[in-house]
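A look at the structure
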Amino acid sequence: MGVKVRRRKEKWWVFIDHNKQRKAKCVGSSKRSADHVAEMIRAKLVLGQFQFEGESKNRPFNRYFGNWLDTYARAHCKASTVKGYDSAYRNYLEPAFGETSIEDITREEVKTLAYGMLEQGKSQSYARGTLAPLSEMFNHAIEDGHLTVNPALRIFKKSRKARAEQKKKVQPLTRDELRLLLRTCKTKYPTSYPFVLLLARTCLRVGEAVALQWG
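Residues numbered from 1 in each chain as written. Predicted model: local features only at pLDDT ≥ 70, side-chain atom pairs only at ≥ 80, totals over all residues. Heavy atoms only, no water.

**A look at the nonpolar core**
In globular proteins that are soluble, nonpolar side chains generally tend to be buried together. As a reminder, the rule being used: Grouping buried Ala, Val, Leu, Ile, Met, Phe, Trp, Tyr and Cys residues that are joined through side-chain atoms within 4.5 Å yields what is termed a nonpolar core. Relative accessible area decides the class of each residue, using a 1.4 Å probe on protein chains only: under 20% of the type maximum gives buried, over 50% gives exposed, and in between gives partly exposed. For the purposes of this entry, the term helix denotes a DSSP run of H or I that reaches at least four residues, the term strand denotes a run of E that reaches at least two, and both are numbered from the N terminus. Here, residues are in contact when the closest pair of their heavy atoms is within 4.5 Å.
Phe61, Leu134 and Met137 are the most contacted members of the largest nonpolar core, which totals 28 residues. Those elements giving two or more residues to this core turn out to be α2 (61–76), α3 (79–97), α4 (107–119) and α5 (124–143). Sequence-distant contacts of Met137, that is, excluding residues within four places in its chain, are made with Phe61, Tyr64, Phe65, Trp68 and Ile102. Val3, Trp12, Ala34 and Ile41 belong to the second largest nonpolar core, which has 8 residues in total.

**Re a positive patch on the surface**
Going by this rule: Only residues whose relative accessible area exceeds 30% and that form no salt bridge are eligible for patches; like-charged ones are grouped when within 9 Å, while nonpolar side chains (Val, Leu, Ile, Met, Phe, Trp, Tyr) are grouped when within 5 Å. Surface accessibility in these figures is a Shrake-Rupley result with a 1.4 Å probe; residues are shielded only by whichever protein chains are displayed. A pairing counts as a salt bridge when a side-chain nitrogen of Lys or Arg comes within 4 Å of a carboxyl oxygen of Asp or Glu. Two residue types count as positive, namely Lys and Arg, and two as negative, namely Asp and Glu; His and chain ends fall outside the count. By convention, the charge on Lys lies at NZ, on Arg at CZ, on Asp at CG and on Glu at CD.
A cluster of basic residues, Lys4, Arg6, Arg8 and Lys9, forms a positive patch on the protein surface. Checked against the element boundaries, Lys9 lands in the loop between β1 (2–8) and β2 (11–18). You can call Lys9 exposed: its relative accessible area is 82%.

**Some points on the confidence of the model for the chain**
Note the threshold: Confidence scores here are pLDDT values: one per residue, from the predictor, ranging 0 to 100.
Here the chain averages 84 in pLDDT, while 87% of its residues score no lower than 70. The least confident element of the chain, judged by mean pLDDT, is helix α6 (residues 160–169) at 60; the most confident is α3 at 94.

**Observations concerning the environment of Asn150**
For clarity, the threshold we go by: In the analysis that follows, any N or O atom pair within 3.5 Å is treated as a polar contact, provided that within protein one partner can donate a hydrogen and the other can accept it, and provided that, for residues neighboring in sequence, both atoms belong to side chains.
Positionally, Asn150 belongs in the loop between α5 and α6. Once the C-alpha coordinates of Asn150 and Arg107 are considered, the two residues, 43 residues apart in sequence, prove to be 8.2 Å apart. Among residues more than four places away in sequence, those in contact with Asn150 are Arg107, Ser135, Phe138, Asn139 and Ile142. Of note is the side chain of Asn150, whose polar atom sits 2.8 Å from the backbone nitrogen of Ala152.

**Comments concerning unusual backbone geometry**
If you check the backbone angles, Arg154 has positive phi at about 50 degrees while not being a glycine. Inspection of the secondary structure puts Arg154 in the loop between α5 and α6. Residue classification places Arg154 among the exposed positions, given a relative accessible area of 55%. The backbone of Cys203 shows a phi angle near 65 degrees, a positive value even though the residue is not glycine.

**What about the pattern of salt bridges?**
Pairing is possible between side chains of opposite charge, provided their charged atoms come close. Applying the stated rule across the entire model yields 9 salt bridges. A salt bridge links Asp176 to Arg179; the shortest N-O distance between them is 2.8 Å. Remark: Arg179 and Asp176 occur in helix α7 (residues 175–188); sequence separation between them is 3 residues, near one turn of the helix. Judged by its relative accessible area of 57%, Asp176 is exposed. Ionic pairing is found between Glu208 and Arg205, a salt bridge with its closest N-O pair at 2.9 Å. Judged by its relative accessible area of 34%, Glu208 falls in the partly exposed class. For Arg205, a relative accessible area of 59% puts it in the exposed group.

**Some thoughts on the packing of aromatic side chains**
Using the following cut-off: Working definition: rings of Phe, Tyr and Trp (its six-membered ring) pair if their centres are within 6.5 Å, and the pair is stacked with planes under 30 degrees apart, edge-to-face with planes over 60 apart, and tilted otherwise.
Per the counting criterion, the structure on display carries 9 aromatic pairs. For the pair Tyr92 and Tyr126, a centre-to-centre distance of 6.1 Å together with 75 degrees between the ring planes defines the contact as edge-to-face. Linking Tyr92 in helix α3 with Tyr126 in helix α5, this pair joins segments that are 34 residues apart in sequence. Here Tyr92 falls in the buried class, since its relative accessible area comes to 13%.

**A closer look at the packing of α2 against α3**
Quick note on the threshold: In this description, a line fitted to the C-alpha atoms serves as the axis of each element, helices being fitted only across the stretch in contact, and the angle between N-to-C directions of two axes falls anywhere from 0 to 180 degrees. Angle categories are assigned with fixed cut-offs, so that under 35 degrees is roughly parallel, over 145 is roughly antiparallel, 65 to 115 is roughly perpendicular, and the rest are oblique.
Contact geometry of α2 with α3 gives a least axis separation of 11 Å together with a crossing angle of 170 degrees. When the axis of α2 is compared with that of α3, the two are roughly antiparallel. Side by side, α2 and α3 meet where Phe61, Asn62, Phe65, Trp68, Leu69, Ala73 and Arg74 of the first sit next to Val82, Tyr85, Asp86, Tyr89, Leu93, Glu94 and Phe97 of the second.

**Describing the environment of Asp86**
As for its placement among the helices and strands, Asp86 is situated in helix α3. Here the alpha-carbon distance between Asp86 and Asp70, two residues 16 residues apart in the chain, equals 9.9 Å.

**Points about the side chain of Asn62**
Mapped onto the elements, Asn62 comes out in helix α2. Discounting chain neighbours no more than four positions away, the residues touching Asn62 are Tyr89, Glu94, Gly98 and Glu99.

The following block contains the structure:
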């Protein structure tokens, strides 16, 4: 297996040796462009996503997801996030899709998995978290040209009525109410005042504020 860049008759070519097949692609007169094409092909070879025209397009979910998890996710996500993705894969995603090619996974199958978790007593937020790595993997497959749609997108889409009701529930404090809150906190709960002030002035969520460190 290998990818090489060579010049022939004033043109730059990319030579690909893969799965006992060899092909050459003329890129043009720019060596820079040829190097860029070669680098893209090498990346796809590493991910197991490269194929010659006419090769089978079957991409088993378990292998594709495993490659995505070991390359993109581990390089760009926190260790705790990767651990959660791996748990979702082992407990739900791999049993549901296994060897099925990613092109053949339907939205109905994803919905069956999602609502099946709800029937088992899992919360909707838990089900959303389980589908998160699946949806992200599909997004990358679309970017790589393997898919055109994401079958895991917005499975738990809220109705207009639900969104309107949620919006009505949000009642932020007025300026006067916030002043009263901070003044009362500073007087009666001085040790908590810096934290409350931080929340009020930065709009951080409680979890984000608690996670802050001096460094």
